[in-house]
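Observations on the model geometry
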Amino acid sequence: MKFRFYKQDLNPSINWDITENPIFDTNNQEIRSFKAINRNDNGTLLNVCKKTYTPSTNSYFTDKVQEIAEFTGFKLNGYEERKNGKQVIAYLENPEVIQIAQEEHANFIVLGNSHDGSTSFFSGSGNIMFRCSNGLTIATAQAMKVLHRKNAKNRIDELANHYKKFKEETQKTKEIIESFEYVKMSEKQKQDFTYNLLNTPKELEFADFSPQRQKQINLLSKSIEEETDYFGNNLLGVFQGVTHYTSNVREIAEPSFINVLGSNADINRKALNLSLELLNN
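What comes next concerns the included structure.

Calculation notes
Residues numbered from 1 in each chain as written. Predicted model: local features only at pLDDT ≥ 70, side-chain atom pairs only at ≥ 80, totals over all residues. Heavy atoms only, no water. Helix = DSSP H or I, 4+ residues; strand = E, 2+ residues; numbered from the N terminus. Buried < 20%, exposed > 50% of the residue type's maximum accessible area, 1.4 Å probe, protein only. Pairing = 2+ DSSP bridges. Phe/Tyr/Trp six-rings, centres within 6.5 Å; stacked < 30°, edge-to-face > 60°. Lys NZ or Arg CZ within 6 Å of the ring centre and 35° of its normal. Lys, Arg positive; Asp, Glu negative; His and termini not counted. Salt bridge = Lys/Arg side-chain N within 4 Å of Asp/Glu carboxyl O. Polar contact = N/O pair within 3.5 Å; in protein donor to acceptor, adjacent residues only side chain to side chain. Axes fitted to C-alpha atoms, helices over the stretch in contact; angles between N-to-C directions. Left-handed = near helix turned anticlockwise from the far one by under 90°. Contact = heavy atoms within 4.5 Å. Nonpolar A, V, L, I, M, F, W, Y, C, P; charged D, E, K, R; others polar.

Some words on the environment of N134
Along the chain, the position of N134 falls in the loop between β9 (122-129) and β10 (135-140). By relative accessible area, N134 is classed as buried at 3%.

Okay, here's the thing in structure tokens:
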């Protein structure tokens, strides 16, 4: 697999956890309504939050990941740590290759949590196209807190329900993306899509844009042309052009495996919303 960020930042385990510590003012008086969340290996500050906030530990998170891996038979590819550990993500790879629009994809259960309050426990469905390594994750709001129940039957029921929802989300994503193939796109529509995605005023001339914006437009347009040459002048080619751009072309300081978080994930999410608007109009 040639995905640019494939396994680049994935670790086989998370070998640290969090500690909760008091905060003191300049007079060395404890600020009783707040606490600090730190790493226990190097002391890095991850969050300052109210004392009523109950964080989820890495050990709890990894236990839940292992439970899901054992239940589903998916292979744990590894963990990604973002922002010095403020966000942690696990990737479980489906042993079965899936097909979307006649293309083979690696398929993942994506599980994540944060220590800075940016996300709660979340799960989602992620895919990487083998042909050109385009990566896409559809994260859901589904929480994993239900999996902490001690009753064995309840735990198995919730694991089964979690897996069922993942399968449903994967199938839904497949059907949506495949439906894009039937929406034809003219050159003007492809340009409008590009400008909308980059928040670029369509009434301006290309020469009026900054060199940086011209470069963004050119790179995205090139990715879209590459994918529409393959899939045809349709919405499928345009959408895959965006995932090609975010997965293989656009350079950012902290990329995320299969674009689960960060600005590339935001671009993919916006492209999906724009595509759905075109599909439904």
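Quick word on the pairing of strand β2 (residues 18-24)
Relative to strand β3 (residues 30-39), β2 runs antiparallel, the two being bridged by six bridges. In the strand pairing of β3, P22 is matched with K35. As consecutive antiparallel partners, β2 and β3 are separated by five residues, and within that stretch N28 has a phi angle of approximately 65°, a positive value.

Quick notes on unusual backbone geometry
In this structure, N28 takes a positive phi of about 65° despite not being glycine. Within the secondary structure, N28 is located in the loop between β2 and β3. In this structure, Q102 is a non-glycine residue whose phi angle is positive, near 70°. You can see Q102 is positioned in the loop between β7 (98-100) and β8 (103-114).

Remarks on the packing of aromatic side chains
Enumeration over the complete set of coordinates arrives at 10 aromatic pairs. For the pair F74 and F166, a centre-to-centre distance of 5.7 Å together with 80° between the ring planes defines the contact as edge-to-face. Within this pair, whereas F74 is found in the loop between α1 (58-72) and β5 (75-82), its partner F166 is found in helix α2 (residues 152-179), the two being separated by 92 residues in sequence. With relative accessibility at 5%, the residue F166 sits in the buried group. Considering the side-chain rings of F180 and F239, the 5.5 Å spacing of their centres and the 65° angle between planes classify their relative orientation as edge-to-face. On the criterion of sequence distance, the pair formed by F180 in the loop between α2 and α3 (187-197) and F239 in helix α5 (residues 235-249) is long-range, its members being 59 residues apart. Look at F180 and you get buried, because its relative accessible area is 0%. Of the residues examined, F239 reaches a relative accessible area of 1% and is grouped as buried. One aromatic cluster in this structure is built from F74, Y163 and F166. Here the basic side chain of R39 rests over the ring of W16, its NZ or CZ set 3.9 Å away from the ring centre.

Points about the side chain of E80
Tracing the chain through its elements places E80 in strand β5. Here E80 is buried and forms no salt bridge, its nearest opposite-charge partner R82 lying at an N-O distance of 4.0 Å. Among the polar contacts made by the side chain of E80, one reaches the side chain of Y91 at a distance of 2.5 Å.

What about the environment of N280?
In this fold, N280 is placed in helix α6 (residues 263-280). Residues N280 and V183, 97 residues apart in the sequence, show an inter-C-alpha distance of 10.0 Å. Of the polar contacts made by the side chain of N280, one reaches the backbone oxygen of L276; its length is 2.9 Å.

Thoughts on the packing of α3 against α5
Look at α3 against α5: their axes get within 11 Å of each other, and the N-to-C directions meet at 35°. Considering the relative orientation of α3 and α5, their crossing is right-handed. Each of K190, F193 and L197 in α3 lies in contact with α5, whose residues at this interface are L235, V238 and V242. Looking at the contact of α3 with α5 residue by residue, the class counts come to five nonpolar, no polar and one charged.

Looking at the sheet that holds strand β4 (residues 45-50)
With antiparallel pairing, three strands are arranged side by side in an open sheet as β2-β3-β4. Taken across any chain shown, the strands that pair with only one partner, and hence form the sheet edges, are β2 and β4. Taken over all neighbouring pairs, the strand axes of this sheet differ in orientation by 30° on average, direction set aside.

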